[in-house]
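# Coordinate inspection notes
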Amino acid sequence: MALKIGVIVPQGWRMDLVGITDPVEAYETMTRVAQEAEELGFDSIWLFDHFHTVPQPTQEVTFECWTSTAALARDTKRVRIGQMVSCNSYRNPALLAKMASTVDVLSHGRLDFGIGAGWYEHEYNAYGYEFPDGPTRLRQLRDAVRIIKSMWTEEEAIFEGKYHQVRGAINQPKGVQKPHIPLLVGGAGEKVTLKIVAQYADACNIGHQDNEGLARKLDIIKQHCNDVGRDYNEIRRTVLYNCAIAETDAEALAKSELYKRNVPEGRLREHALIGTPDAIRKRLIEIEQAGAQELIIFLQDAAKLDSLRLFAQECLPR
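Just so you know, these numbers come straight off a predicted model, no measurement behind them. Just so you know, the residues in each chain are numbered from 1, in the order the chain's sequence is written. Selection of residues for local features in this predicted model requires a pLDDT of at least 70, selection of side-chain atom pairs for listing and counting requires 80 or more, and totals for whole chains, interfaces and linings are taken over all residues. Heavy atoms from the whole structure form the basis of all side-chain values; hydrogens and water molecules are not counted.

## Some thoughts on the overall build of the protein chain
Note on conventions: DSSP H or I runs of at least 4 residues are helices, E runs of at least 2 residues are strands, and numbering of each starts at the N terminus. Assigned secondary structure in the protein chain consists of 11 helices and 12 strands. The C-alpha atoms of the protein chain give a radius of gyration of 19 Å, which matches the 20 Å a tight globule of 318 residues would have. Referenced to the eigenvectors of the C-alpha coordinate spread, the extents of the protein chain come out at roughly 60 × 45 × 35 Å. Buried, partly exposed and exposed residues are distinguished by accessible area as a fraction of the type maximum, computed with a 1.4 Å probe on protein chains only: under 20%, between the cut-offs, and over 50%, respectively. The buried share of the protein chain, reckoned over its 318 residues, is 57%. In what follows, a contact means two residues having at least one pair of non-hydrogen atoms within 4.5 Å. Of the contacts made within the protein chain by residues no fewer than 6 positions apart, 73% connect residues no fewer than 24 positions apart. Per-residue and other accessible areas follow the Shrake-Rupley method at a 1.4 Å probe size, with only the shown protein chains counted as cover for residues. Of the roughly 14100 Å² that the protein chain leaves accessible, carbon and sulfur atoms contribute 50%. Think of it this way: Lys and Arg go in the positive column, Asp and Glu in the negative one, and His and the chain ends go nowhere. By convention, the point assigned to a charge is CZ for Arg, NZ for Lys, CD for Glu and CG for Asp. Here the protein chain carries 38 positive and 44 negative side-chain charges, and the mean point of each set is 4 Å from the other. Computation of the radius of gyration draws on C-alpha atoms, with the globule rule given as 2.2 Å multiplied by the number of residues to the power 0.38.

Next comes the structure, spelled out in structure tokens:
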């Protein structure tokens, strides 16, 4: 199996640091998971970009994504580091490109830059961001991606758009990786998001699909690539799944209760990785056969390390 595998590092927003009241201890828990994942052989670590918990806002610790990315860039040495995914609406795209360039240097060239159109309306309202309709957010994303790539490749970035303008922005250093930091676009919208992938992205992320759905989404990217004259094989194909792994199926099912939100009833196993190591190894083969090249897993109990170690020992490619 050639499938690369990354893991989401607990940072609080999905209630994965509950019970840790000291924020310093909470951060040290986050970085301990990142370092353990690196030691165990995971290919990458990832952070969500949210400001408070979901589905209910609470007072639980939730660390900001990009400052945490910078810290983990110095706390680790080998694994790649990315966002699943940065919300385009939360930061000016020229500034975000500059931040990413800096973090790529801090990590010695290990950054994967993830970005998406944004979706969490409550968070927008709570933090004072305007929440436009979906088509507008996607047009804003398209402009932002063009600006970010320009910041990474041109001496002075110039862009005059409806939503964003840059007029001679200088970005030095541009990062370590050549020709530029890999840009990943997250989302599965077939008409617009996946077309943006085909036009501008170095990688895509499509989450929580069954095998047939995953193959369909990737085929649509291929069609968009044909339409715009892009080589489909230039795009790294990643997919995100919730994961509940245990020595017995009953234990894994008990852990998976948290993952039933937004999953069709009775189809949790098709839209997540649930079960014993043997069952999950079979699912990994199916996911690769559907066309994915990299799998990113979210383990609700990653902070305790046991599930992380079990997955690594039994399911990582050797």
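Now that the structure has been shown, the text picks up again.
## Points about the UniProt feature "domain: Luciferase-like" (unreviewed entry) in the protein chain
UniProt positions are given in the numbering used here, feature names are shortened, and annotations may be inferred rather than shown by experiment. Summarizing the sequence annotation, UniProt attributes the feature "domain: Luciferase-like" (unreviewed entry) to residues 21-256 in the numbering used throughout. Secondary structure content for residues 21-256 is 43% helix and 19% strand, while the C-alpha to C-alpha distance between its ends is 25 Å.

## Brief notes about the side chain of serine 68
In this fold, serine 68 is placed in helix H2 (residues 65-75). On the basis of relative accessibility, which here comes to 4%, the residue serine 68 falls in the buried class. Dropping the residues within four chain positions of it, serine 68 is found in contact with Met30, Leu47 and Phe63.

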